2 protein chains.
Amino acid sequence: MNIAKPAIPSFQPPRRTLMGPGPSDVPQRILDAMARPTIGHLDPAFTDMMEQTKALLRYAFQTENKLTFPVSGPGSVGMETCFVNLVEPGDKVIVCVNGVFGGRMLENVKRCGGVPVAVEDTWGSPVDPAKVESAFVANPDARILAFVHAETSTGAQSDGAALAAIARKHGALSIMDCVTSLGGTPVMIDAWSIDAAYSGSQKCLSCTPGLSPVTFGERALEKVKARKSPVQSWFMDLNLVLGYWSGEGKRTYHHTAPINPLYGLHEALVMLAEEGIENAWARHRANHEALKAGIEALGMRFVVNATARLPQLNSVYIPEGIDDALARGRLLSEFDLEIGAGLGVLAGKIWRIGLMGYSAKPANVEYCLKALTAVTKG
Amino acid sequence: MNIAKPAIPSFQPPRRTLMGPGPSDVPQRILDAMARPTIGHLDPAFTDMMEQTKALLRYAFQTENKLTFPVSGPGSVGMETCFVNLVEPGDKVIVCVNGVFGGRMLENVKRCGGVPVAVEDTWGSPVDPAKVESAFVANPDARILAFVHAETSTGAQSDGAALAAIARKHGALSIMDCVTSLGGTPVMIDAWSIDAAYSGSQKCLSCTPGLSPVTFGERALEKVKARKSPVQSWFMDLNLVLGYWSGEGKRTYHHTAPINPLYGLHEALVMLAEEGIENAWARHRANHEALKAGIEALGMRFVVNATARLPQLNSVYIPEGIDDALARGRLLSEFDLEIGAGLGVLAGKIWRIGLMGYSAKPANVEYCLKALTAVTKG
């Protein structure tokens, strides 16, 4: 043997309180679900569970879209699945950029051979519908509008209904990133007429990271089916994925689904339905109000205006005189508490405090405020 | 609310014995590991675990390649990661096709804009090195050789060392699929001079499906860095993934890693190192011999010649007069036993009996033979 075996023991993770931009705390019920015995991906019991998962996801997305399922990869794969299927080489795509994830959408459009038209807003602000309207007027040949509903990098929420309506008025499809919003604030795919959307398992659904729920409406599917060029990704090609997830007729083998993580997502969605999605939204809102009161009492300011503020992701300016890395290091080492750092132009300037899914509860709000007090006033 | 909540209870999977082509049985130790508390993907405790996982994977792959890590997706994503990074538009790629997965490689080459040259062998036979040599002579401008070490669709093993040597002699890189071989039979990345390889978590490593260990050597990385065109996939672009997995300097956020499944893979690799990889190979071999004796006593014939037979994946012809679907249905309903059906041209003609990872044990061999006796002789 050339390579000797390394002496590495089993991994025992520390027990953290997760109040960053995701993953959020995963409840024991979901952890237990992931530890149930693995079965085959073509087992009738598993395919029954897949059908249930699709029904539960339709509830979460508030849609009747038949093609609603979890992509077997993290949110970035859900994003790329939307773009590689819907953007053909030469397609003009209006991309709203008001944070990291809008920028990533732009990059996706380029790599699909699309022609991106960026509509920029300040990081921390929502997307301005007037600018999007102007972009369509200036680019009447734009085929797609892409925007982030809840910018994870800033905590700003944009008006999904208004943006999708502009796209539809101009005969374009809409692609919406709702990674951070699904399950935490209203995401109304059908009521807003969104054509394609993707989310993540590890935010307000409180499951392990690694799965990306997506939904595609009829207009989006028509565009995929009418493509002149093949989808550049084999793994993400909806024409192939459909055979596995559609549930119509014989189920075709495409790839081996991540069985145990899917047990977890199923359980997370059962819990969401048990609570009722309106109650989940209200819970996120109520915990945000409590956190906000405490944050403001500590003298910290929010990055996002109250009108566009996501309850589940609270971006605040780091108080003057406080060292970013040192303070977050103390939160982790002294309190086992994770909060998020700033990204991109906001790196070193802000903290992102998540109240997502199972983490959105009074005990976490109190604990976080206690810890923040210690490291900023101590 | 437009969409009412569905009344769906928690999912309780049946307890199966998994002896198909993967997933294999997952030991309780690994299931328990996946149920440990979720932590953040940038937590120092998690990044330490990532470094350990890389070291453990180097042992499994028998390589010193620094860039050895688990891709956050199933084996198909590992495959696509190799092709989108290494194949540039116009690159000629010799692809060995002797089963489903060679065909999938061919499809990947096309979608990357490469020019595939197929070298075909009968399904159930190994790749013929003489044909590969001839293909290089006829195509001296071929840049890459791609082949499947262990064809999951047939159970045939090809000579990785010989094939990689031919590629190297002709100045080409080699891409090897070792999804079904890693941990079950020797996979010697450095000794064979393989430039890029990918595997899966759910075969001889006995973890949940959904992760794809990959390894890239220096020559492969040089080709990626010298690319003239950008990698068509944002998610799979090694230039970006490197910043997250390299462990050099500041770790850059790329995507949110699938935390709990990675706990499981770490534990699976710790178990492999505890056993010793040579012992794991010997165990797969010994259980294969026992199964083979029983299979032959039942009068069933193997699809693959003894010289190229994978111990961990036993393809046998369905006995005459036995209904494929009916027999597998009885195995599942009466014995909770999963074996694999044939794929492609072998559909309806063969069964694939896996002895992979934790499933490769005498109790499973006995149980499988008992069940096969009941449904074929009963």
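Residues numbered from 1 in each chain as written. Chains lettered and ligands numbered in written order. Predicted model: local features only at pLDDT ≥ 70, side-chain atom pairs only at ≥ 80, totals over all residues.

(A) Broad picture of the overall build of chain A. Scanning chain A for helices and strands turns up 13 helices and 13 strands. Judged by the C-alpha coordinates and their principal axes, chain A covers about 65 × 55 × 50 Å. Burial analysis of chain A (378 residues in total) assigns 58% to the buried set. Contacts spanning at least 24 positions in sequence make up 72% of the contacts within chain A whose residues lie at least 6 apart. (Helix = DSSP H or I, 4+ residues; strand = E, 2+ residues; numbered from the N terminus. Buried ≥ 20, exposed ≤ 12 C-beta atoms within 10 Å, placed from the backbone. Contact = placed C-beta atoms within 7 Å.)

(B) Highlighting the relation of the copies chain A and chain B. Superposition of chain A onto chain B requires a rotation of 180 degrees combined with a translation of 0.0 Å along the rotation axis, giving an RMSD of 0.0 Å. On the angle and the small slide along the axis, the relation comes out as a two-fold axis. (Least-squares fit on C-alpha atoms with pLDDT ≥ 70 in both.)

(C) Representation of the interface of chain A and chain B. Facing 79 residues of chain A, the contacting portion of chain B comprises 79 residues. Listed by contribution, the elements that provide at least two residues to the side of chain A that touches chain B are α1 (28-34), α2 (44-61), α3 (75-86), α4 (100-111), α7 (189-192) and α10 (259-275) of chain A. By residue class, the composition of the side of chain A that touches chain B is 38 nonpolar, 25 polar and 16 charged. (Nonpolar A, V, L, I, M, F, W, Y, C, P; charged D, E, K, R; others polar.)

(D) Here's a closer look at helix α8 (residues 218-225) of chain A. Residues and elements named next belong to chain A. Along α8, the positions that sit buried rather than exposed are Ala220, Leu221 and Lys223. The buried residues of α8 occupy one face: seen down the axis, they fall within an arc of 155 degrees. In α8, the exposed residues that point more than 90 degrees away from the buried face are Glu218, Glu222 and Lys225. Among the structural elements, β2 (67-71), α3, β8 (173-177), β9 (196-198) and β10 (212-216) are those in contact with the buried residues of α8. (Arc of directions from axis to C-beta.)

(E) Looking closely at unusual backbone geometry. All names here are of chain A. Note the cis peptide between Gly22 and Pro23, where omega equals 5 degrees. Here Pro23 lies in the loop between β1 (17-19) and α1. In this structure, Ser206 takes a positive phi of about 60 degrees despite not being glycine. With respect to the helices, strands and loops of the structure, Ser206 is situated in the loop between β9 and β10.

(F) Representation of the nonpolar core within the structure. By size, the foremost hydrophobic cluster in this structure holds 236 residues, and its most contacted members are A:Ile144, A:Leu145, B:Ile144 and B:Leu145. Excluding residues that lie within four positions of it along the chain, A:Leu145 makes contacts with A:Ile94, A:Val132, A:Leu163, A:Ile166, A:Ala167, A:Ala172 and A:Ser174. (Core = buried A, V, L, I, M, F, W, Y, C linked by C-beta atoms within 7 Å.)

(G) Structural context of the sheet that holds strand β13 (residues 350-354) of chain A. Residues and elements named next belong to chain A. In spatial order, the strands read β1-β12-β13-β11; together these 4 strands make up an open sheet with mixed pairing. Both edges of this open sheet fall to β1 and β11 (313-317), since each of them pairs with a single strand only. Direction aside, neighbouring strands of the sheet carry axes that sit 30 degrees apart on average. As judged from the 5 bridges shared by β11 and β13, these two strands associate in the antiparallel manner. Along β13, the bridge assignment pairs Ser315 with Arg352. Sheet strands in contact with helix α13 (residues 362-377) are β1, β12 (337-341) and β13, and its direction is about 85 degrees off that of β1. (Pairing = 2+ DSSP bridges. Axes fitted to C-alpha atoms, helices over the stretch in contact; angles between N-to-C directions.)

(H) A look at the domain arrangement of chain A. All names here are of chain A. Taken domain by domain, chain A consists of domain 1 (17-23 + 277-377) and domain 2 (28-272). Here domain 1 and domain 2 have C-alpha centroids that lie 27 Å from each other. Secondary-structure elements contributing two or more residues to the side of domain 1 that touches domain 2 are α11 (277-297) and β11. Residue contributions to the side of domain 1 that touches domain 2 peak at 4 residues, all from α11. Taken together, the residues that form the side of domain 1 that touches domain 2 break down as 16 nonpolar, 7 polar and 2 charged. (Domains from an automatic or database assignment.)

(I) Structural context of the packing of helix α3 (residues 75-86) of chain B against helix α4 (residues 100-111) of chain B. All names here are of chain B. The interhelical angle for the contact between α3 and α4, taken along N-to-C directions, is 40 degrees, at an axis separation of 9 Å. Taken together, the axes of α3 and α4 are oblique relative to one another. Every pair of crossing elements has a handedness; the one defined by α3 and α4 is right-handed. Contact residues: Met79, Glu80 and Phe83 in α3; Arg104, Met105, Asn108 and Val109 in α4. Within the contact of α3 with α4, the residues separate by chemical class into 4 nonpolar, 1 polar and 2 charged. (Parallel < 35°, antiparallel > 145°, perpendicular 65-115°, else oblique. Left-handed = near helix turned anticlockwise from the far one by under 90°.)

(J) Just the environment of A:Val95, in detail. All names here are of chain A. Structurally, Val95 can be placed in strand β3 (residues 92-97). Overall, the presence of 28 C-beta atoms within 10 Å leaves Val95 in the buried class. Sequence separation of Val95 and Leu242 is 147 residues, and the distance between their C-alpha atoms is 27 Å.

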